[in-house]
Amino acid sequence: MSDPAIASRLEYVGGSMFDAVPPADVYIMKHIIHDWDDERCIRLLRNCHRSMQGDGRVICVDTVLPPMGDASSATAKLLDLHMMVLIPGKERTQAQWQALYQAAGLQIRSITPIQDNFGTSIIEGVK
């Protein structure tokens with residue numbers, strides 16, 4: 001980290017995100033949720049909810065698949081197959097993201113597509 005003012009505000013904490021996360025006002029996870037099944041994702045998001053301070057937020061940067069039956073976004077769907085075959089994860093539709101956040105006690109505030117080839121979006125949730 002080249003900026004000492006920023007580096008001084010960071011803290012690195014070891015542990016399992018499925019057991020607990022340190023208190024924070026914002027949790028940012030990029031390509032983390034798609035690595036895990038729903039049960040583990042809900043556990044992680046609940047841990048964020050439980051440790052969240054003030055008007056905290058959870059921000060996930062991950063693929064949002066088009067609704068089931070929509071034949072677009074072939075690249076994102078191939079990534080979904082890859083995740084299901086190699087690890088216990090999967091890509092999710094907007095409805096599936098909403099269900100995950102809701103099960104963890106969070107509400108999606110916004111979903112902002114970033115216009116890449118994989119359907120990546122910024123999914124912001126609040127208490």
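Quick look at the structure, then. (Residues numbered from 1 in each chain as written. Predicted model: local features only at pLDDT ≥ 70, side-chain atom pairs only at ≥ 80, totals over all residues. Heavy atoms only, no water.)

### Description of the side chain of S121
Here is step 1 of the chain: Residue position: S121 is located in strand β5 (residues 120-126).
Here is step 2 of the chain: Using a relative accessible area of 4% as the deciding quantity, one classes S121 as buried.
Here is step 3 of the chain: Every residue in contact with S121, bar those within four places of it in the chain, is listed here: C60, V61, D62, V64, I111, T112, P113 and I114. (Helix = DSSP H or I, 4+ residues; strand = E, 2+ residues; numbered from the N terminus. Buried < 20%, exposed > 50% of the residue type's maximum accessible area, 1.4 Å probe, protein only. Contact = heavy atoms within 4.5 Å.)

### Here's the deal with the pairing of strand β2 (residues 52-65)
Here is step 1 of the chain: Here β2 lies mainly inside the structure; 10 of its 14 residues are buried.
Here is step 2 of the chain: In this structure, strand β1 (residues 24-30) lies alongside β2, joined through 6 bridges in parallel fashion. Across the sheet, A24 pairs through a bridge with M52, a residue of β2.
Here is step 3 of the chain: Following the chain from β1 across helix α2 (residues 38-51) to the adjacent parallel β2, one finds a crossover that is right-handed.
Here is step 4 of the chain: Alignment of β2 against β5, held across 7 bridges, turns out to be antiparallel. By the bridge assignment for β5, R57 is matched with V126.
Here is step 5 of the chain: Where β2 and strand β3 (residues 92-93) come together, 2 bridges link them in parallel fashion. (Pairing = 2+ DSSP bridges. Right-handed = clockwise from strand over helix to strand, strands pointing away.)

### Here we look at helix α4 (residues 94-103)
In an α-helix, one turn spans 3.6 residues, which is why side chains three or four residues apart end up on the same side.
Here is step 1 of the chain: Of the positions making up α4, those classed as buried are W97, L100 and Y101. The arc enclosing the buried residues of α4, seen along the axis, measures out at 95°, which places them on a common side. Turned more than 90 degrees from where α4 packs its buried face, A95 and Q102 sit exposed.
Here is step 2 of the chain: For α4, the elements touching its buried residues are α2, β2, β3, β4 (107-113) and β5.
Here is step 3 of the chain: Looking one or two residues beyond α4, the residue adopting positive phi is G105, at roughly 85°. (Arc of directions from axis to C-beta.)

Keep in mind these numbers describe shape, not what the thing actually does.
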